[in-house]
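# An overview of the molecular structure
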Amino acid sequence: MSNQTVRHGFPYQPSSMAFDPVQKILAIGTQSGALRLFGRPGVECYCQHESGSAVIQLQFLINEGALVSALADDSVHLWNLRQKRPAILHSLKFNRERITFCHLPFQSKWLYIGTERGNVHIVNVESFMLSGYVIMWNKAIELSSKAHPGPVVHISDNPMDEGKLIIGFESGIVVLWDLKSKKADYRYAHDEAIHSVAWHHEGKQFICSHSDGTLTTWNVRGQGRPIQTITPHGKQPKDGKKPEPCKPILKVEYKTTRNGEPFIIFSGGLSYDTVGRRPCLTVMHGKSTAVLEMDYPIVDFLTLCETPYPNDFQEPYAVVVLLEKDLVVIDLAQNGYPIFENPYPLTIHESPVTCCEYFADCPVDLIPALYSVGSRQKRQGYSKKEWPVSGGNWGQGTLSYPEIIITGHADGTVKFWDASAIMLQVLYKLKTAKVFDRNRSKEDKGSTEVSDEDPFAIQIMAWCPESRMLCVAGVSANVIVYRFSKLEVTTEVVQLLEVRMQSELNETDSPDGGGEPTSAHHTPGASPHTSGPPSQPSTSSNNSDGGNMPCLKVRSTPLKQSAGYQVDLVVQLVWVSGEPPQQISSLALNSTYGLVVFGNSNGVAVVDYIQKTVVLNLGTVELYGSNDPYQRQPRSPRKSRQPSGGLCDINEGSATSEDRCKSPTSVLLSVCPPRGANPLDHRDNSFSRSRSSSVTSIDKESREAISLFYFCETFARKGDSTLTPCLYVGTSLGTVLVLVLTLPPAGEQRQLQPVIIAPVGMLVRLKGSVLRMALLDSSGSLLPPSFDPWFEPNVTTDGEEKVPKRRPVSVSPSTSQDLSESQYAVVCSEKQAKVVSLPSQTCIYKHNITETSFILRADVVQMTQGVCLACFCANGHIKTLSLPGLRPLLDVNYLPLTDMRIARTFCFTNLGQAMYLCSPTEIQRITYSQETCENLQEMLGELFTPVETPEAPNRGFFKGLFGGGAQSLDREELFGEIAAGKASRSLAQHIPGTGGIEGMKGAASGVVGDLARARIALDERGQKLGELDERTAAMMTSADSFSKHAHEMMLKCKDKKWYQF
């Protein structure tokens, strides 16, 4: 059971848009055949055309709960929106002609379809059958042009006379076609290609937009020449000649107001000399012209008007502009045309996402806390009005637990999103790049080629929701530790630690010059209570030996930090011997121990963020001690060995370098990776390495990277009877090593005494890189790592700096545990999972998860029934295994890995939820839990709500009946089979959709009513009954609510007279 639940974010590569002015629903189609529907904030829906062809046009059946989509593969589809998950009721596939334009008049069931050949076909939207009535291009233009007029680019009926149809051809010819007499009334020829046409609501004039940046206005009865030609953005020459041509005006809209000048709104048309100018939307209103610059190219725009009737004053109030990477809504009623604040989560891609994490079942006070600091970050200057897309209703079901998604981005931002109950809303945005100097001088540029593209990109995030501690690792080999505070603070000097990580043993015994080089340099302003080695202040980060250079420069000026996440400490890996540091491949933090640990392909470093010191800095080989299972060849020493041998001085008391080397927690390290490794390629490398995890070359072993850390309170050694704080370290060769932590007592001692860490050897080995570890108690329940509750880190009332009082550790040590009681360690690698019983350290369960593929992501998650291990494989399978027994529970072929983005962003969380980035701009959430699937139908919002169609413009009863107002037309009489005959069979084929029972009950009233029901009933009988049985149960509940809506509509309409419809 694995289901897509919701898709959030901006529709990737949008291609078309439509709006229902009565239901107030917005639809956006994309180049990959996706359809996204938006109602009020929180009502969103995603559907997909099976063919995957681009959506070239969308048309709502206004206030009918239905939508027509036209695709680039020349198919037209009718979507039923009266069910929570919209479905296709009918499709029509054209075989001989290519679709270029569609038009569905308001309250009509006949859809006009223009083609590349210049013909217009007519489709009945109830039966989705072609009418025999066709307007052939040669009949439309007759002898007015010697050449073919080109594809149809526009079709619309005269707002005042449904019997008159305007057809615009690309070459510049416009024809006014009389549907009854089947001939052209007027033809209007222009020598510039046409892009779009728009009517004045009285039906006496229309405007065309052209490829030379001109707008021409025509009188319907005026033959030959336009009454006006303007080039809005053209420079006017003095000698009365034509202005110079501009870029094409791709679309124009002409909207009238009752009490003022009309609006002419268009996209494009700028002059050719505006090189580098951003795409613009132009709003002409009376004598004023406003040019609104957009951040991205304009795909389409729509003017939102008070009335759905084309023959009334339009009263435009807003313009929805669909850009390639954004959706902007402009308020036309306010001076200066401000934009509305967009309530949808469309900014996921503001900067490309580089990593993400998903947390379900967070502490309840967390979302309000993040929201309150995030709400202060809001921009000003938005329109005061309510967001105009306000249709639909929220779902009824509620999920009782809070969910948070965190995204890390290429520009160094970290965004926190509220993802509870299938919604998504940005809570808070953190800019990590503020810690660094951005204005690097030109000389520096050469030395930062490690990651010049996005030097601040976030690579890994570690977050403790309970203590609210956050730690991020960036591509420039830096780690930043953040604390959460509700108070603003100015940090005079950002605390900095510089760490040298080298990859092989240094032959030199003692450093030259007898000095004390240390792995940790403090900035001059390091806090006074810092213990540790006598530190060299790194006033200039460029030491004389050419090493000790970090990739980014931490700012030296005071940093104003607003409420929210505030920098506590920056740790940077420095260049060693002219080599840049290796990127960080793993990261973890623990708030109870006050430690952050990170690793790369050279080794491990543990930092005490309370004392701001490096506690441990070990090469991977040294973690094994004497029982290293691999025969490693030391690589030949460098010729140009630098004299500063980079000792890691960890224990304060050790006097000589010999003593220091014997100490289990200190070691000598050197040598780094090749220059110029590209930042985000690191992920791809690890990806290809995974593929060949069986290859074990000597060089690869000496390059054993650290892949995972796990803090826990457990039995450190075989046969131990007491629990001690430990750090499990997983490597890319499948080994799990154990480090024991000795922590000073809480309170003041914790500030002063050093933390001591000692490796005690190996716990278990698996095939492939270690991906995930967890600890279970003897009953099989998850033992989460301990944490401290959050406290306000800044000042107290008397203004003194607050020393945090230690809270009791939430997972208490051995006193409360029965000594005989054991634990289970769960370890999952790219290939297999093992469960190890502690303290005996025997492997009691083992399961080879995949032979042919490899696992990209594994998480130990809490489900309602218990704990399980969830895995996502590169072949697209989602698998879950029971714990501790490792019995396979689920294996679904969900989606094959199509790109690295999915591999990099896929994550599972508790209660059967998972997510990944399905495109650069969208998050797809899925569920693999039966319970969530069942609740989902209730939680989804409804797109269609029963709304009365506004009254038609009042023209008096007799005038409306006997002429003088808008002319109506019995289209049935013209286009029906009796009058028009049958369409050619080979022209298009009808394909019944999968709208199902819901569709039948859904299309319950209005124009798409009785005929559609009869049609669907016929389709239904033809379907296999077995298919229906399976789907009926889930669908009947929502179908009932739709029939209830339909009944409400019927009651509303019951008392209307025939002429009021």
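The structure presented is a predicted model; accordingly, all values stated were derived computationally and were not measured.

The rules behind the values
Residues numbered from 1 in each chain as written. Predicted model: local features only at pLDDT ≥ 70, side-chain atom pairs only at ≥ 80, totals over all residues. Heavy atoms only, no water. Helix = DSSP H or I, 4+ residues; strand = E, 2+ residues; numbered from the N terminus. Buried < 20%, exposed > 50% of the residue type's maximum accessible area, 1.4 Å probe, protein only. Contact = heavy atoms within 4.5 Å. Areas by Shrake-Rupley, 256 points an atom, 1.4 Å probe, with all protein chains shown as cover. Pairing = 2+ DSSP bridges. Axes fitted to C-alpha atoms, helices over the stretch in contact; angles between N-to-C directions. Core = buried A, V, L, I, M, F, W, Y, C linked by side-chain atoms within 4.5 Å. Phe/Tyr/Trp six-rings, centres within 6.5 Å; stacked < 30°, edge-to-face > 60°. Lys NZ or Arg CZ within 6 Å of the ring centre and 35° of its normal. Arc of directions from axis to C-beta. Salt bridge = Lys/Arg side-chain N within 4 Å of Asp/Glu carboxyl O. pLDDT = per-residue confidence, 0-100.

A word on the overall build of the chain. When its secondary structure is counted, the chain shows 16 helices and 60 strands. Residues classed as buried in the chain amount to 58% of the 1061 residues present. Considering only contacts within the chain whose residues lie at least 6 apart along the sequence, 60% involve residues at least 24 apart. Taken as a whole, the chain presents about 44,400 Å² of accessible surface, with 51% of it coming from carbon and sulfur.

Another aspect to go through is the sheet that holds strand E25 (residues 288-293). Within a sheet, neighbouring strands are paired by backbone hydrogen bonds and run either parallel or antiparallel to one another. Strand order in the open sheet formed by four strands is E22-E23-E24-E25, with antiparallel pairing between adjacent strands. A single partner strand is all that each edge strand has here, and the edge strands are strand E22 (249-255) and E25. For this sheet, the mean angle separating the axes of adjacent strands, direction not counted, is 15 degrees.

In this section: the nonpolar core. Residues Tyr728, Leu763, Leu869 and Leu883 are the most contacted members of the largest nonpolar core, which totals 41 residues. No other element matches strand E49 (residues 770-776), which puts six residues into this core. Not counting residues within four places of it along the chain, the set of residues in contact with Leu763 comprises Tyr728, Val736, Val738, Ala825, Val836, Leu838 and Gln841.

Once that is clear, we can look at the environment of Asp161. One can find Asp161 in strand E15 (residues 161-169). Residue class for Asp161 comes out buried when judged on its relative accessible area of 19%. Once the C-alpha coordinates of Asp161 and Asn311 are considered, the two residues, 150 residues apart in sequence, prove to be 9.1 Å apart.

Turning next to the packing of aromatic side chains. On inspection of all chains with the given rule, the structure shows 23 aromatic pairs. Here the aromatic rings of Tyr188 and Phe206 are separated by 5.0 Å at their centres, their planes lie at 80 degrees, and the arrangement is edge-to-face. Pair noted here: Tyr188 is in strand E17 (residues 183-189) and Phe206 is in strand E19 (residues 205-210), with a separation of 18 residues, a long-range link. Accessibility assignment for this pair places Tyr188 and Phe206 in one class, buried. Of note, Arg82 hangs over the ring of Phe944, and the distance from its end group to the ring centre comes to 4.1 Å.

Structural remark: α-helix, 3.6 residues per turn; residues separated by three or four positions point the same way. Residues of helix H2 (residues 366-374) that are buried: Leu366, Ile367, Ala369, Leu370, Val373 and Gly374. For H2, the arc enclosing every buried residue in end-on projection is 165 degrees, short of the 170-degree limit, so these residues lie on one face. On its buried side, H2 packs onto strand E30 (403-409), strand E31 (413-418), strand E32 (425-431), strand E33 (458-464), strand E35 (478-485) and strand E40 (564-573).

Moving on to the pattern of salt bridges. Under the counting rule described, the total for this entry stands at 28 salt bridges. Among the salt bridges present, the one from Asp312 reaches Arg258, with a minimum N-O distance of 3.2 Å. Separated by 54 residues along the polypeptide, Asp312 in the loop between strand E26 (298-305) and strand E27 (316-323) and Arg258 in the loop between E22 and strand E23 (263-268) bring together distant segments of the chain. The closest approach of N and O atoms between Glu488 and Lys560, which form a salt bridge, is 3.7 Å. With a gap of 72 residues between them, Glu488 in the loop between E35 and strand E36 (489-491) and Lys560 in strand E39 (residues 559-561) connect regions that are remote in the sequence. Exposure remark for Glu488: the relative accessible area of 52% places this residue in the exposed category. A cluster of three or more residues bridged by salt bridges with shared partners is formed by Asp161, Lys164, Asp178 and Asp185.

Let's shift gears to helix H10 (residues 930-939). Along H10, the residues that are buried comprise Thr932, Cys933, Leu936 and Met939. Projected down its long axis, H10 shows its buried positions confined to an angular sector of 120 degrees, all on one face. Structurally, H10 contributes buried residues whose contacts are with strand E1 (3-9), strand E58 (913-919) and strand E59 (922-927).

Strand order in the open sheet formed by four strands is E53-E54-E55-E56, and the pairing between neighbours is antiparallel. Two strands in the sheet have a free side with no partner beyond their single neighbour: strand E53 (855-863) and strand E56 (888-893). With direction set aside, neighbouring strand axes in the sheet form an average angle of 15 degrees. Direction of pairing for strand E55 (residues 877-882) relative to E56: antiparallel, over a ladder of five bridges. Paired with Ile878 across the strands is Val892, a residue of E56.

Moving on, we come to the side chain of Ser267. Following the sequence through the fold, Ser267 ends up in strand E23. By relative accessible area, Ser267 is classed as buried at 6%. Sequence-distant contacts of Ser267, defined by excluding residues within four places in its chain, comprise Pro248, Ile249, Leu250, Lys251, Cys280, Leu281, Ile298 and Phe301.

Now for the confidence of the model for the chain. Averaged over all residues, the pLDDT of the chain is 79; the fraction at 70 or higher stands at 76%. The low-confidence segment residues 441-451, where pLDDT is below 50, has 16 contacts with residues more than four positions distant or belonging to other chains. Residue range residues 505-546 is modelled with pLDDT below 50. Its contacts to residues more than four positions away, or to other chains, number 82 contacts.

With that settled, consider the environment of Lys718. Looking at the element boundaries, Lys718 is found in the loop between strand E45 (706-714) and strand E46 (724-731). Classification of Lys718 by relative accessible area gives exposed; the value is 62%. Separated by 120 residues in sequence, Lys718 and Leu838 have C-alpha atoms that sit 7.5 Å apart. Beyond its immediate stretch of four places on either side in the chain, Lys718 contacts Pro839, Ser840 and Gln841.

Right, let's get into the pairing of E1. For E1, a buried count of five out of seven residues is recorded, marking the element as mostly surrounded by other parts of the structure. In this structure, E1 lies alongside E59, joined through six bridges in antiparallel fashion. Residue pairing across strands places Asn3 opposite Thr927, the latter belonging to E59.

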